[in-house]
There are 2 protein chains.
Amino acid sequence: LITGGLGFLGSNLALSLCRLGAEVTVIDSFLPNHGANPFNIAEFKSEIKLIRGDIRNRSLLNKHIAANDFLFNIAAQTSHTDSIEHPLLDAQINNLGQLQILEACRHKNPDIRLIYCSTRAIYGKSDKKNIDEETIPNPLDIYSVNKLAGEYYHKIYAQVRNLNATILRVANGYGPRAQMRGPSFGILNWFIRLALDNEEIKIFGDGKQLRDYVYVDDIVQAFLAVGAQNDLKAEVLNIGSGKGLPLIKIVQEIIRISGSGKIKYVPWPENNKKIDVGDFIADIRQIRAKTNWNATTPLNQGLRDTIHFYRTNKKRYWS
Amino acid sequence: LITGGLGFLGSNLALSLCRLGAEVTVIDSFLPNHGANPFNIAEFKSEIKLIRGDIRNRSLLNKHIAANDFLFNIAAQTSHTDSIEHPLLDAQINNLGQLQILEACRHKNPDIRLIYCSTRAIYGKSDKKNIDEETIPNPLDIYSVNKLAGEYYHKIYAQVRNLNATILRVANGYGPRAQMRGPSFGILNWFIRLALDNEEIKIFGDGKQLRDYVYVDDIVQAFLAVGAQNDLKAEVLNIGSGKGLPLIKIVQEIIRISGSGKIKYVPWPENNKKIDVGDFIADIRQIRAKTNWNATTPLNQGLRDTIHFYRTNKKRYWS
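Residues numbered from 1 in each chain as written. Chains lettered and ligands numbered in written order. Predicted model: local features only at pLDDT ≥ 70, side-chain atom pairs only at ≥ 80, totals over all residues. Heavy atoms only, no water.

Draft legend 1. Fine view of the interface of chain B and chain A. On the side of chain A, 33 residues touch chain B, which itself brings 33 residues to the contact. A buried area of about 2,900 Å², summed over both sides, lies between chain B and chain A, and 69% of it is on carbon and sulfur atoms. The interface formed by chain B and chain A includes 4 salt bridges. On inspection of chain B and its partner chain A, the count reaches 6 residue pairs in polar contact (both at pLDDT 80 or more). (Contact = heavy atoms within 4.5 Å. Buried area = accessible area lost by both parts, 1.4 Å probe. Salt bridge = Lys/Arg side-chain N within 4 Å of Asp/Glu carboxyl O. Polar contact = N/O pair within 3.5 Å; in protein donor to acceptor, adjacent residues only side chain to side chain.)

Structure (structure tokens):
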């Protein structure tokens, strides 16, 4: 069972699970302006059971959680900027929705293997160069606060209700099957769209902030590796490439591979500056030590495959 | 304006403000099994404007937040054990309700001086002996997670929306005007009831865990001192006595002053053990450095005044 399974990470995970022979059910609410795109799972359309429904709907959760052995819990309101403008909606989905999922697991399937998708955004701004899991959280927007609350909920249900839950903090992902209609859902994918459209790519400031970009196939492999293990209850693990690259270098690489697009430097807009997190590099030693996973896709190859995918399927993602 | 103003801390604060000549409005939802007790503010009944209403009601908040200069934001679902049994209700009040308050401030009165009442429970179990504000949070129940989310919300609204908000993390309070119908709302007050009824006081384990108990008048003075300052935006400050006392010593003192009650040692119940936080002593150097406040009530005097209050007003609190 994958919540949010028509979105970026959820759909890539669903396809990988199908290729491995799993029976896959996807719940997706088609939240407006979010990533749900039926084309994402077209390759396995007849194999995947697709449920249009919301994680705030308890009876729906009860039914499907009871019927599955694994739950990849990925559904969320995912926009940082929307969470500042519409904080109530964010809390309804990312707090109440998560509690509904956990209550459904508790009552209907306490043995389900549960993987919660969190985000490196919970660290916010930090003075540390490499961010390990012991770094003090410093969420800078409502989305990040509520994702952090979601982590604690899962940890508490693991400790108090004995659910077999693991929490994964995912760095900046990029790759095929993302929402490409706006910049709120992954800046790297958005830059790829601008490059393919031969538009200006606006860089705030000097573009030298370091970010940890991880290819979506590597993230999927991490979810599979963690899900397959039963000794990670209540653990919190970073997922990232473990390497920091200046944003500007990546943009130059996107323009080189695409053969189009151009850079424009602009000053930081006031509101973005307030919630920007500065440099970020994930320390991924924990997940490496506890599973056999590692991020293996070189940035060049990830960007090439991503650009090829969107060039081929432009009409499925641009509008 | 005081949300939760008929409860333990809120009503003591309301009375102090009235004595200082403030115009006081109290909002209280009379949440079942919580602290709302109209007798708490009987002394200033005709001066205090009492609104029966819920912090989930936005139009009510809009109206009263627009009309006031100070907001002491104390309303909450406050039971640790209830939050584990009814997590959705906790999130509706402590997450969505808090966001409603902050949105009302943002839109109707962005200059209001806002003090958010948080709790030492956000620290959970820690290895540190004295807990300062930089201690990594480790909430062990849903209530504590959601109070921590409430802190971050206030901090973010201070940073992004420029609200003049300060967050206070309050240690274990005791004193007059608390909910005395059950043990969930302050163990020390509950022990006082048991002693006055000449009942057994059950001590889990050896009772040697250290706790920081602070008299409610001292907490009220801290809220007033912090509220009166305008240079504490987005700050997080501990409130406590700054001293750790073994629970068993305090219980012996309660029995001595009451002249009744007896101690019974019992093993830790499984569920309580899972969410117990062990030793806790607040480091209060920050609030001392930034205001002229200090906890001044000796435990003996606080216990004497508390026992006298409940002995005199037993019929108002026992049922």
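Draft legend 2. The arrangement of the nonpolar core in detail. Grouped together as the largest cluster of nonpolar side chains are 210 residues, with contacts concentrated most on Phe223 of chain A together with Phe223 of chain B. Among residues more than four places away in sequence, those in contact with phenylalanine 223 of chain B are Leu9, Leu13, Phe72, Ile74, Ile115, Cys117, Leu168, Val170 and Ile239 of chain B. (Core = buried A, V, L, I, M, F, W, Y, C linked by side-chain atoms within 4.5 Å. Buried < 20%, exposed > 50% of the residue type's maximum accessible area, 1.4 Å probe, protein only.)

Draft legend 3. Region of interest: the sheet that holds strand β7 (residues 164-170) of chain B. All names here are of chain B. Strand order in this open sheet of 7 strands is β3-β2-β1-β4-β5-β7-β12, and the pairing throughout is parallel. Two strands bound the open sheet, and with one partner strand each, they are β3 (49-52) and β12 (236-239). Where β7 and β12 come together, 4 bridges link them in parallel fashion. Each bridged residue has a counterpart across the sheet, and for arginine 169 the counterpart in β12 is asparagine 238. Strands β1 (2-3), β4 (70-73) and β5 (113-119) of the sheet are contacted by helix α4 (residues 87-108), whose axis makes an angle of about 170° with β4. Running at roughly 155° to β5, helix α5 (residues 142-160) makes contact with β4, β5, β7 and β12 of the sheet. (Pairing = 2+ DSSP bridges. Helix = DSSP H or I, 4+ residues; strand = E, 2+ residues; numbered from the N terminus. Axes fitted to C-alpha atoms, helices over the stretch in contact; angles between N-to-C directions.)

Draft legend 4. Local environment of the packing of aromatic side chains. Per the stated rule, a full pass over the model turns up 18 aromatic pairs over all chains. Between phenylalanine 72 of chain B and phenylalanine 223 of chain B the ring centres are 6.5 Å apart and the planes differ by 50°, which places this aromatic pair in the tilted class. Of this pair, phenylalanine 72 of chain B sits in strand β4 while phenylalanine 223 of chain B is found in helix α7 (residues 216-227), placing the two residues 151 residues apart along the sequence. Across the pair, phenylalanine 223 of chain B and phenylalanine 72 of chain B agree in class, each one buried. Their ring planes at 25° and their centres at 6.2 Å tell us that tyrosine 123 of chain B and phenylalanine 280 of chain B sit as a pair that is stacked. Residue tyrosine 123 of chain B is found in the loop between β5 and β6 (130-131), and its partner phenylalanine 280 of chain B is found in the loop between α9 (270-275) and β15 (281-282); the two are separated by 157 residues along the sequence. Both residues of the pair, tyrosine 123 of chain B and phenylalanine 280 of chain B, count as buried. Of the aromatic side chains, those joined through ring pairs into one cluster are Phe39, Phe309, Tyr310, Tyr317 and Trp318 of chain A. If you follow arginine 52 of chain A out to its NZ or CZ, it ends over the ring of phenylalanine 30 of chain A, 4.1 Å from the centre. Across from the ring centre of phenylalanine 280 of chain A, 5.4 Å away, lies the NZ or CZ of arginine 120 of chain A, which sits over that ring. (Phe/Tyr/Trp six-rings, centres within 6.5 Å; stacked < 30°, edge-to-face > 60°. Lys NZ or Arg CZ within 6 Å of the ring centre and 35° of its normal.)

Draft legend 5. How the structure looks around the sheet that holds strand β2 (residues 25-28) of chain A. Residues and elements named next belong to chain A. Read from one edge to the other, the open sheet built from 7 strands follows the order β3-β2-β1-β4-β5-β7-β12, with strand pairing classed as parallel. Both outer strands of the open sheet, β3 (49-52) and β12 (236-239), are each paired with one neighbouring strand and no more. Both strand β4 (residues 70-73) and strand β5 (residues 113-119) contribute to a ladder of 4 bridges, which runs parallel. Across the sheet, residue asparagine 73 finds its bridge partner in β5, namely tyrosine 116. Packed onto the sheet, helix α5 (residues 142-160) meets β4, β5, β7 (164-170) and β12 and runs at close to 155° relative to β5. Contacting β4, β5, β7 and β12, helix α7 (residues 216-227) crosses the sheet at an angle of about 145° to β5.

Draft legend 6. View of the confidence of the model for chain A. Per-residue confidence for chain A averages 95 on the pLDDT scale, and 99% of its residues sit at or above 70. Scored as a complex, the prediction yields pTM 0.95 and ipTM 0.94. (pLDDT = per-residue confidence, 0-100.)

Draft legend 7. Layout of the relation of the copies chain B and chain A. Expressed as a screw transformation, the operator carrying chain B onto chain A has a rotation angle of 180° and an axial translation of 0.0 Å, and the superposed copies differ by an RMSD of 0.0 Å. The transformation relating the two chain copies, once decomposed into turn and shift, fits a two-fold axis. Measuring from the rotation axis to each C-alpha of chain B, the shortest distance belongs to isoleucine 136 of chain B, at 2.8 Å. (Least-squares fit on C-alpha atoms with pLDDT ≥ 70 in both.)

Draft legend 8. Focus on helix α6 (residues 187-196) of chain A. Of all 10 residues that make up α6 of chain A, 9 are buried, and the element is covered over most of its length. A positive phi of about 55° marks asparagine 198 of chain A, the residue just after α6 of chain A.

Draft legend 9. Inspection of the side chain of asparagine 40 of chain A at higher detail. Looking at where asparagine 40 of chain A falls in the secondary structure, it is placed in the loop between β2 and β3. Residues in contact with asparagine 40 of chain A, not counting those within four places in the same chain, are Leu6, Gly7, Ser11, Leu15, Gly35, Arg177 and Tyr317 of chain A.

Draft legend 10. Just the environment of asparagine 12 of chain B, in detail. Residues and elements named next belong to chain B. By secondary structure assignment, the location of asparagine 12 is in helix α1 (residues 8-19). Given the relative accessible area of 4%, asparagine 12 is considered buried. Considered as a pair, asparagine 12 and leucine 224 are 212 residues apart in the sequence and their alpha carbons are 11 Å apart. The contacts of asparagine 12, once residues within four sequence positions are left out, are Gly7, Pro176, Arg177, Val216, Asp217 and Val220. For asparagine 12, the side chain forms a polar contact with the side chain of arginine 177, separated by 3.0 Å.

Draft legend 11. Geometry of the pattern of salt bridges. Applying the stated criterion to the full structure yields 24 salt bridges over all chains. Among the salt bridges present, the one from glutamate 85 of chain A reaches arginine 161 of chain B, with a minimum N-O distance of 3.2 Å. Of the two residues, glutamate 85 of chain A is situated in helix α3 (residues 80-85) and arginine 161 of chain B in the loop between α5 and β7; the pairing between them involves two chains. Each of Glu85 of chain A together with Glu103, Arg106 and Arg161 of chain B takes part in a single network of salt bridges with overlapping partners.

Draft legend 12. Structural view of the environment of aspartate 127 of chain A. Residue and element names in this part refer to chain A. With respect to the secondary-structure elements, aspartate 127 resides in the loop between β5 and β6 (130-131). Among the residues examined, aspartate 127 registers a relative accessible area of 86% and is labelled exposed. With 153 residues separating them along the chain, aspartate 127 and phenylalanine 280 place their C-alpha atoms 9.7 Å apart.

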